Amino acid sequence: METLNNNNNSDNSEIKLLANRLDIHRYSEVPKYYVQPQESRPDKVMVKNDSIPIINLGGHDRAHIINQLLKASQEYGLFQVINHGVSKKLMDETLNVFKEFHAMPAEEKKIQCSKDPDGKFKIYTKNMNYWPDKPHKYREIVGEYTRELHALAHKILELLGEGLGVAPKYIYNKMGEDPTIVAQHYPACPDPSVTLGIPKHRDPSLVTILLQEEQVQGLHLEKDGQWIAVDPIPNAFVVNIGFILQLMTNGKVVGGIHRAVTNSKTARTSVVYLIYPSPKAIIKPAEEFVNEKTPTLGKFMNFEDFHAYYVKNGMKIEEEYFKIKP
Ligand code: OGA
Ligand code: NI
């Protein structure tokens, strides 16, 4: 697990995020450093219940699936998929193992985290020795989950690539092999209206596949200046187009801008599988998407450098390096 530094609010760098904090349940009100400035608080924007596209990946009409994927990636940058081929059992087991993980005492979690030489509490590697070995079935379940999700991401990128008319394999050839999972945990919060689980951002990925609990809502997508709640549907994954894919297609598809809010009753856990390019892959648009009308913007770097920059500066990378206004 890795905690992305999405805390990039320029006017108050002291604001902390609720996600992954272990101690919040001890408070009867929100500690000051978690309080967001007025303009980013969730109570200051209307949450609209528009519907996020739902795409059935199990259908037989390939052209229809491709069209739907393309449209959703262009208009929303985020959608849900059903009949995706991953079993309900594995989805439940994965959520449960991460819930169990977060329920362990802080001391135990620290031990699990220090297995990684960077001490960063993350799964970045195929070397399972660095993965937590508690809960008991962690490696087995998370290992299977990462394999299946890698295949699902591959399939989605292949279909999207076909729809975009990009040279075969251009996009999914860039996929890195190391699984990157962020298991988010948002404790119940005394006053969800003044804080956020994660502030708005685009993911620094090609594509992100998110597994959320069926009973607890919390994810929002920004579209046309309004927030839309991404209501959980049974057996579905949320698929989020990442900023990297937006760059590689020169804006033909857009990265979904999203955030997570908390609630006062229940904790929420989500499992976020980020499909990153391989570290040395150069992040630049495919030639098909570059012409006089849509020239390339910014300067290009390999993914390793891109990610380091993102972790430090968050969404500022969009403006500073790629001249995209968030
Ligand atoms: C993320 C993210 C949303 C959620 O981890 O990048 O956007 O619902 N998480 O946990
Ligand atoms: Ni995200």
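Everything quoted here is computed from the prediction, not taken from an experiment.

Reading the values: the criteria
- Residues numbered from 1 in each chain as written.
- Chains lettered and ligands numbered in written order.
- Predicted model: local features only at pLDDT ≥ 70, side-chain atom pairs only at ≥ 80, totals over all residues.
- Heavy atoms only, no water.
- Near = heavy atom within 4 Å.
- Polar contact = N/O pair within 3.5 Å; in protein donor to acceptor, adjacent residues only side chain to side chain.
- Areas by Shrake-Rupley, 256 points an atom, 1.4 Å probe, with all protein chains shown as cover.
- Helix = DSSP H or I, 4+ residues; strand = E, 2+ residues; numbered from the N terminus.
- Nonpolar A, V, L, I, M, F, W, Y, C, P; charged D, E, K, R; others polar.
- Donors = N, O, S within 2.8 Å, 3.2 Å for Na, K, Ca; no water.
- Core = buried A, V, L, I, M, F, W, Y, C linked by side-chain atoms within 4.5 Å.
- Buried < 20%, exposed > 50% of the residue type's maximum accessible area, 1.4 Å probe, protein only.
- Arc of directions from axis to C-beta.
- Contact = heavy atoms within 4.5 Å.
- pLDDT = per-residue confidence, 0-100.
- Pairing = 2+ DSSP bridges.
- Axes fitted to C-alpha atoms, helices over the stretch in contact; angles between N-to-C directions.

Caption draft 1: Structural view of the site of ligand 1. The full set of residues close to ligand 1 is Gln184, Tyr186, Ile198, His201, Asp203, Leu210, Leu219, His258, Arg268, Ser270 and Val272. Contact between ligand 1 and glutamine 184: an oxygen atom at 2.9 Å from a side-chain N or O atom of the residue. Coverage of ligand 1 by the protein amounts to 99% of the 290 Å² it exposes when considered alone. Broken down by secondary-structure element, the contributors of at least two residues to the shell around ligand 1 are strand S4 (180-186), strand S5 (198-201) and strand S11 (268-275). Looking at the shell around ligand 1, the element that brings in the most residues is S11, giving three residues. Grouping the constituent residues of the shell around ligand 1 by class yields five nonpolar, four polar and two charged.

Caption draft 2: Seen up close, the coordination of the nickel ion (ligand 2). Only His201 (NE2), Asp203 (OD) and His258 (NE2) from the protein reach the nickel ion (ligand 2) as donors, at distances of 2.0 to 2.1 Å. Sequence spacing of the donors to the nickel ion (ligand 2): H-x1-D-x54-H. Within this pair, whereas aspartate 203 is found in the loop between S5 and strand S6 (207-212), its partner histidine 258 is found in strand S10 (residues 257-260), the two being separated by 55 residues in sequence.

Caption draft 3: Geometry of the nonpolar core. Among the nonpolar cores identified, the biggest contains 74 residues, and Leu57, Leu206, Phe237 and Phe306 are the most heavily contacted of them. At twelve residues, the largest contribution of residues to this core is made by helix H4 (residues 138-164).

Caption draft 4: Helix H3 (residues 106-113), seen in detail. Along H3, the residues that are buried comprise Glu108, Lys109, Gln112 and Cys113. Taken end-on, H3 shows its buried residues confined to a sector of 140°, consistent with a single buried face. When the buried face of H3 is taken as reference, the exposed residues oriented beyond 90 degrees from it are Glu107 and Lys110. Packed against the buried residues of H3 are helix H2 (88-103).

Caption draft 5: Expanded view of the side chain of arginine 202. With respect to the helices and strands, the residue arginine 202 is situated in the loop between S5 and S6. Given a relative accessible area of 8%, arginine 202 falls into the buried group. A polar contact of 3.2 Å, which involves the side chain of arginine 202, links it to the side chain of glutamine 246. Polar contacts involving the side chain of arginine 202 include one to the main-chain carbonyl oxygen of glycine 255, which spans 2.9 Å.

Caption draft 6: Looking closely at the confidence of the model for the protein chain. Averaged over every residue, the pLDDT of the protein chain is 83; residues scoring 70 or more account for 83%. Scored below 50 in pLDDT, residues 1-15 makes 49 contacts in the model with residues more than four places away or belonging to other chains. Segment residues 20-24 is flagged for pLDDT under 50; beyond a separation of four residues in sequence, or across chains, it makes 16 contacts in the model.

Caption draft 7: Fine view of the sheet that holds S4. Strand order in the open sheet formed by six strands is S2-S3-S9-S6-S11-S4, with mixed pairing between adjacent strands. Every interior strand has two partners, whereas the edge strands, strand S2 (54-56) and S4, have only one. Ignoring which end each strand starts from, the neighbouring axes of this sheet average 30° apart. Inspection of the sheet shows S6 paired to S11 by six bridges, in the antiparallel sense. Bridge pairing in S11 places valine 207 opposite isoleucine 275. Sitting on the sheet, H2 touches S4, S6, strand S9 (237-241) and S11, and the angle it makes with S11 is about 115°. On top of the sheet, H4 reaches S4, S6, S9 and S11; it is set at about 130° to S6, its chief contact.

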